Amino acid sequence: MNNWNYLQAQRWAADYLQSKGKDPYAPEFLLKMLHGWDTTALLLHHRDPMPADEQKRFCRAIDRVADDEPVQYIVGKSPFFGRTFVISPDVLIPEPETEDLVEWVLKEMPTEQPLKVLDLGTGSGVIGITLALERPNWQVTLSDISQAALRVAQANQRLHGTNLNVVESDLFSSLINQHFDIIVTNPPYVSPSAVNQMDAAVLKYEPPLALFASENGLGFYHRLFAEAARHLTAHGQLFGETGYDQEQTIQELLHRLNPHAAIETRHDEADKMRMIRAWNFH
């Protein structure tokens, strides 16, 4: 076993992972999450010796990354919107596109009003908890079909001091007669036929229930569009994350099911369509 300092440990790990075609930034992320360090703190500790027991754990973790396991699942944490959230393989790893979705909701919807919000298919709870923390006067409900996912969401509620309503529900089955000013969702939208284009780490470790939908990835949205109008207030809006290749098909689907509803799409920084806003907002 080498007597590494933190910088040497990172260099070894980055070189090793790069040789395996894996993310060379994973070691930096690993150390930041395990210690609660930001970039400056990590730099300040670069020359400190890494304790032998930590070195063993670090090497084991790097082997797991080399074997496709996402580093976020290894540490059990992931950053989102400037905060750290608990995650597990029962929920998706939060992505930057989902931060963009939250940003869009915060920008479009009135700040001062006490809006009723549903985070539909909440997973780890990052969307709903973030909206509640950013807009304390909004009344947020977290719902998911997965009990295991809701346990993770509850852990994040404890971590961030929120006390939001949590409902186990397949779509609106446990939310009958409830109406919301905002429904926001990051649902399953990947077509099962896209498996051969997907990252091995996603396929091996992320929950299929949260990834895949029938009808070329639009099965969930088909059900949602069929029912959402009954659960939106008069000026309510639906915000959702989507697949980059669904820009045309998702608009056609909404117009077929709800001819009078409006829909707007939004692109990410790579100019790929990733989000929609729908209902009577004009």
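Residue positions are given per chain, counting from 1 as you read along its sequence in written order. The model is predicted, so local features are restricted to residues of pLDDT at least 70 and side-chain atom pairs to those at 80 or more, both for listing and for counting; the totals for chains, interfaces and linings are taken over all residues. Here the side-chain values reflect all heavy atoms present in the structure, with hydrogen atoms and water set aside.

### A look at the UniProt feature "domain: Release factor glutamine methyltransferase N-terminal" (unreviewed entry) in the protein chain
Under the local residue numbering, the UniProt record ascribes the feature "domain: Release factor glutamine methyltransferase N-terminal" (unreviewed entry) to residues 8–76. Secondary structure elements are taken from DSSP: a helix is a run of H or I of four residues or more, a strand is a run of E of two residues or more, and numbering for both begins at the N terminus. With 70% helix and 0% strand, residues 8–76 has its two end C-alpha atoms placed 24 Å apart. UniProt positions are given in the numbering used here, feature names are shortened, and annotations may be inferred rather than shown by experiment.

### Here's the deal with the packing of helix α1 (residues 6–19) against helix α4 (residues 52–66)
Interaxial angle, 0 to 180 degrees, is taken between N-to-C directions of lines fitted to C-alpha atoms, where a helix line uses only the stretch in contact. At their nearest, the axes of α1 and α4 sit 10 Å apart, and the two run at 20 degrees to each other. Between α1 and α4, the interaxial angle falls into the category roughly parallel. Considering only the axes of α1 and α4, their crossing is right-handed. Contact with α1, carried on its side by Y6, A9, W12, A13, Y16 and L17, involves E54, F58, C59, I62, D63, V65 and A66 of α4 and no other residues of that element. Roughly parallel here means an angle under 35 degrees, roughly antiparallel means over 145, roughly perpendicular means 65 to 115, and every remaining angle is called oblique. Left-handed describes a crossing in which the near helix is turned anticlockwise from the far one by less than a right angle; the clockwise case is right-handed. The contact definition used throughout considers only heavy atoms, calling two residues in contact when any of these lie within 4.5 Å.

### Some words on the pattern of salt bridges
Take a side-chain nitrogen of Lys or Arg and a carboxyl oxygen of Asp or Glu: if they are within 4 Å of each other, that pair is a salt bridge. This structure, assessed with the given rule, holds 13 salt bridges. The salt bridge involving K107 is made with E108; its shortest N-O contact spans 3.9 Å. Overlapping salt bridges bring together K22, D67, D68 and K204 as one network.

### Quick word on the sheet that holds strand β8 (residues 263–267)
Adjacent strands of a sheet form backbone hydrogen bonds with each other and so pair up, either parallel or antiparallel. Note on pairing: two strands pair once DSSP finds at least 2 bridges between them. Taken in spatial order, the seven strands of this open sheet run β5-β4-β3-β6-β7-β9-β8, and their pairing is mixed. Whereas interior strands pair on both sides, the edge strands pair on one side only; in this sheet they are β5 (165–168) and β8. With direction set aside, neighbouring strand axes in the sheet form an average angle of 20 degrees. By the bridge criterion, four bridges tie strand β7 (residues 232–241) to strand β9 (residues 273–278) in an arrangement that is antiparallel. Residue pairing across strands places E241 opposite M275, the latter belonging to β9.

### Section: the side chain of N5
Position of N5 among the secondary structure elements: in the segment before α1. Under the relative-accessibility criterion, N5 is labelled buried at 11%. By the criterion applied in these results, polar contacts are pairs of N or O atoms within 3.5 Å in which, for protein atoms, one can donate a hydrogen and the other can accept it, and in which residues neighboring in sequence qualify only through two side-chain atoms. Within the structure, N5 has its side chain in polar contact with the backbone nitrogen of L7 (distance 3.1 Å). Among all residues touching N5, those that are not within four sequence positions of it are H46, R47, D48, P49 and M50. Only protein chains enter the accessibility calculation, which uses a 1.4 Å probe; a residue is then buried when its area is under 20% of its type maximum, exposed when over 50%, and partly exposed in between.

### Some points on the UniProt feature "binding site: S-adenosyl-L-methionine" (unreviewed entry) in the protein chain
UniProt records the feature "binding site: S-adenosyl-L-methionine" (unreviewed entry) for G121, T122, G123, S124, G125, D144 and N186 in the present numbering. Annotated residues spanning 66 residues; largest pairwise C-alpha distance 11.1 Å, indicating a single compact cluster. Structurally, G123 can be placed in the loop between β3 (116–120) and α7 (126–134). Not counting residues up to four positions away in its chain, the partners in contact with G123 are V91, D144, A149 and A153. Positionally, S124 belongs in the loop between β3 and α7. Overall, S124 belongs to the buried group, its relative accessible area being 3%. The contacts of S124, once residues within four sequence positions are left out, are V86, I87, V91, I129, V152, A153 and N156.

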